[in-house]
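Architecture at a glance
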Amino acid sequence: QVMLVESGGGLVQAGGSLKLSCTASGLTFSSYAWGWFRQVPGLEREFVAAITWSGRVMEYADSVRGRSTITRDNAKKSVTLQIDRLKPEDTAVYYCAAARIRACASRRAGEYDYWGQGTQVTVSS
């Protein structure tokens, strides 16, 4: 059974930083590309960042580019997302996801095969 578990969410003041982690089990971690998405109630799930299986290619949404970093650790079977200079509009539930199309750091939620349950991030102004 595949399980993705996010952690690291919480309440942060605007301007602060947060590091989200996602650990995986039940799949060959190194064979997947990984992504982070976020969702606000009533809105569609939004792409945040993605990284290919090799870790050589990363993609970022315009909204977080320059203040976020996605990394992966195949040995620990984990992928992390750090966001700096947080803004109230970063408030959302953050999800990690795994894609079998490992060579592509996709922005499309439909191309991901497995999802975590999400972790809430709230940025206060």
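As the structure is a prediction and not an experimental result, all values here were calculated from the model.

Overview of the overall build of the chain
Secondary structure assignment for the chain yields zero helices and eleven strands. Starting at the N terminus, the α and β elements of the chain follow one another as β-β-β-β-β-β-β-β-β-β-β. With the C-alpha coordinates aligned to their principal axes, the bounding extent of the chain is approximately 40 × 30 × 25 Å. A separation of at least 24 residues holds for 59% of the contacts in the chain among residues at least 6 apart in sequence. Of the accessible surface of the chain, which amounts to about 6400 Å², a share of 49% is contributed by carbon and sulfur atoms. In the chain, the 15 positive side-chain charges and the 11 negative ones have mean positions that sit 6 Å from each other.

Remarks on the state of the cysteines
In the structure shown here, the tally under the stated rule is one disulfide. Note on cysteine connectivity: Cys-22 is disulfide-linked to Cys-96, with sulfurs 2.0 Å apart. Across the S-S bond linking Cys-22 and Cys-96, the dihedral sits near 45 degrees, which makes this disulfide right-handed. Here Cys-22, found in strand S3 (residues 18–25), pairs with Cys-96, found in strand S9 (residues 92–99); they are 74 residues apart in sequence, far enough to count as distant. Just as Cys-22 is buried, Cys-96 falls in that class too. With no disulfide of its own, Cys-104 lies closest to Cys-96 among cysteine sulfurs, the gap being 18 Å. Its relative accessible area of 34% is what places Cys-104 among the partly exposed residues.

A short note on the sheet that holds strand S1 (residues 3–7)
The strand order across the open sheet built from four strands is S1-S3-S8-S7, with neighbouring strands paired in antiparallel fashion. A strand with exactly one partner marks an edge of an open sheet, and here the two such strands are S1 and strand S7 (68–73). Strand-to-strand twist of the sheet, defined as the mean angle between neighbouring strand axes without regard to direction, takes the value 15 degrees. Bridge analysis of S7 against strand S8 (residues 78–83) gives six bridges, and the strand direction is antiparallel. Of the residues in S8, the one forming a bridge with Ile-70 is Leu-81.

Description of the environment of Ala-50
By secondary structure assignment, the location of Ala-50 is in strand S5 (residues 46–51). Distance in space between the C-alpha atoms of Ala-50 and Ala-98 is 9.5 Å, their sequence separation being 48 residues. Residues in contact with Ala-50, not counting those within four places in the same chain, are Trp-34, Gly-35, Val-57, Met-58, Glu-59, Ile-70, Ala-105, Ser-106 and Tyr-112.

Analysis parameters
Here the residue numbers are simple positions, counted from 1 along each chain's written sequence. Only residues with pLDDT of at least 70 get local features here, since the model is predicted, and only at 80 or more are side-chain atom pairs given and counted; chain-wide, interface and lining totals rely on the full set of residues. Water and hydrogen atoms play no part in the side-chain values, which are based on all heavy atoms of the structure. The numbering of helices and of strands both runs from the N terminus, where a helix is a DSSP run of H or I of at least 4 residues and a strand a run of E of at least 2. Pairs of residues are marked as contacts when any of their non-hydrogen atoms sit within 4.5 Å. Here the accessible surface of atoms and residues is derived via Shrake-Rupley with a 1.4 Å probe, and residues count as covered only by protein chains that are part of the display. In this tally, Lys and Arg are treated as positive and Asp and Glu as negative; His is ignored, and so are the chain termini. Where a charge sits is defined by one atom per residue type, namely NZ (Lys), CZ (Arg), CG (Asp) or CD (Glu). By disulfide we mean two sulfur atoms from cysteines, separated by a distance within 2.5 Å. Residue exposure (1.4 Å probe, protein chains only): buried if accessible area is under 20% of the type maximum, exposed if over 50%, otherwise partly exposed. What makes two strands pair is DSSP finding at least two bridges between them. Note on geometry: axes are C-alpha line fits, over the in-contact stretch for helices, and angles between N-to-C directions span 0 to 180 degrees.

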